[in-house]
Amino acid sequence: MNKKHYKLIKLNKTIMVVLLCLITLSVLGIYKAINYQKNAIEAGTKETINKKNKDISISYRITFLNKISGVNSDIINAAVQGMFDYESKEDNIFKNRSNDYVLIMDAKKTWWDTWKVYFVSKEKETDTYPSIGYSFVTVQKQKSGDYKGFIINSGGPIIKAGAK
């Protein structure tokens, strides 16, 4: 009788552990899927983002390559803000530009809370994107949870657009 009772207890414990593992994995998977889909960028999409300060207004026409699929949209928004901040400082002689065509090619995590967002740009819609040379925006997650983008490679190719 004790052997039967011991086997039943052992079987019940095993079933409970397996059920607990399945429930935990299911909950974590659902949470990750919900969080992932809410903030993900889809590849091949085109988006227009308008940025302004008191002197400069730029409309970014952004296209995303396949490598961008699934990247948190906050990272991309911080990268675009970093592009705008750089242009505002460097090219402040241009006022109220109309369009910058930007192809965001890739976003790679470089550290715990740092990403590099690689991009190329062109001046006109009819131009082709350059096949060599690219720029990148460094994006860091701040202690507040927000993301901040900035361009450090001041000597490299950067967004080029004429004044209107």
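Residues numbered from 1 in each chain as written. Predicted model: local features only at pLDDT ≥ 70, side-chain atom pairs only at ≥ 80, totals over all residues. Heavy atoms only, no water.

Regarding the environment of I56
Inspection of the secondary structure assignment puts I56 in the loop between strand 1 (46-52) and strand 2 (57-64). Separated by 32 residues in the primary sequence, I56 and S88 place their C-alpha atoms 6.8 Å from one another. (Helix = DSSP H or I, 4+ residues; strand = E, 2+ residues; numbered from the N terminus.)

Things to note about a nonpolar patch on the surface
On the surface, L11, I15, M16, V18, L19, L22, I23 and V27 cluster together to form a nonpolar patch covering roughly 750 Å² of accessible area. As for its placement among the helices and strands, L22 is situated in helix 1 (residues 2-39). (Patch = residues over 30% accessible without salt bridge, like charges linked within 9 Å, V, L, I, M, F, W, Y side chains within 5 Å. Areas by Shrake-Rupley, 256 points an atom, 1.4 Å probe, with all protein chains shown as cover. Salt bridge = Lys/Arg side-chain N within 4 Å of Asp/Glu carboxyl O.)

Brief notes about the confidence of the model for the chain
On average, residues of the chain score 76 in pLDDT, and 72% of them are at 70 or above. For the chain, helix 1 is the element with the lowest average pLDDT, namely 70, and strand 6 (residues 147-150) is the one with the highest, namely 93. In the model, residues 160-164 has pLDDT below 50 throughout and makes 15 contacts with residues more than four positions away in sequence or in other chains. (pLDDT = per-residue confidence, 0-100. Contact = heavy atoms within 4.5 Å.)

Points about the layout of surface pockets
As a volume, the largest pocket reaches approximately 170 Å³. Around the largest pocket, the lining residues are K46, E47, T48, R61, I62, T63, Y101, K122, E125 and Y129. Going through the elements one at a time, strand 1 and strand 2 are the ones with two or more residues in the lining of the largest pocket. Across the lining of the largest pocket, the residue classes break down as three nonpolar, two polar and five charged. (1 Å grid on protein atoms, 1.4 Å probe; cavity = no way out; pocket = protein on both sides within 12 Å on 5 of 7 lines; lining within 4 Å. Points joined across faces, edges and corners; volume = space filled by probe spheres on them. Nonpolar A, V, L, I, M, F, W, Y, C, P; charged D, E, K, R; others polar.)

Some thoughts on the nonpolar core
Where a protein is soluble and globular, its nonpolar side chains tend to be buried together. With 26 residues, the main nonpolar core has Y60, I62, M83, I104, V117 and V139 as its most contacted residues. Elements with a minimum of two residues in this core: strand 2, helix 2 (73-90), strand 3 (99-111), strand 4 (114-122) and strand 5 (135-141). By residue number, the principal contributor to this core is helix 2, which donates eight residues. When near neighbours in sequence (up to four residues on either side) are disregarded, V139 contacts I75, A78, A79, D113, T114, W115, V117, Y147, K148 and G149. The next biggest cluster of nonpolar side chains, apart from the first, holds five residues, and it includes L103, Y118, V120 and F136. (Core = buried A, V, L, I, M, F, W, Y, C linked by side-chain atoms within 4.5 Å. Buried < 20%, exposed > 50% of the residue type's maximum accessible area, 1.4 Å probe, protein only.)

What about the packing of aromatic side chains?
Inspection of every chain in the model, using the stated rule, returns three aromatic pairs. The interplanar angle of 70° and the centroid separation of 5.3 Å between the aromatic rings of Y118 and Y134 together place this pair among those described as edge-to-face. Of this pair, Y118 sits in strand 4 while Y134 sits in the loop between strand 4 and strand 5; the two residues are 16 residues apart in sequence, bridging distant segments of the chain. Its relative accessible area of 15% is what places Y118 among the buried residues. Site record: aromatic cluster; members linked through ring pairs are Y118, Y134 and F136. Its guanidinium or amino end placed over the ring of Y101, K122 lies 5.9 Å from that ring's centre, counting from NZ or CZ. (Phe/Tyr/Trp six-rings, centres within 6.5 Å; stacked < 30°, edge-to-face > 60°. Lys NZ or Arg CZ within 6 Å of the ring centre and 35° of its normal.)

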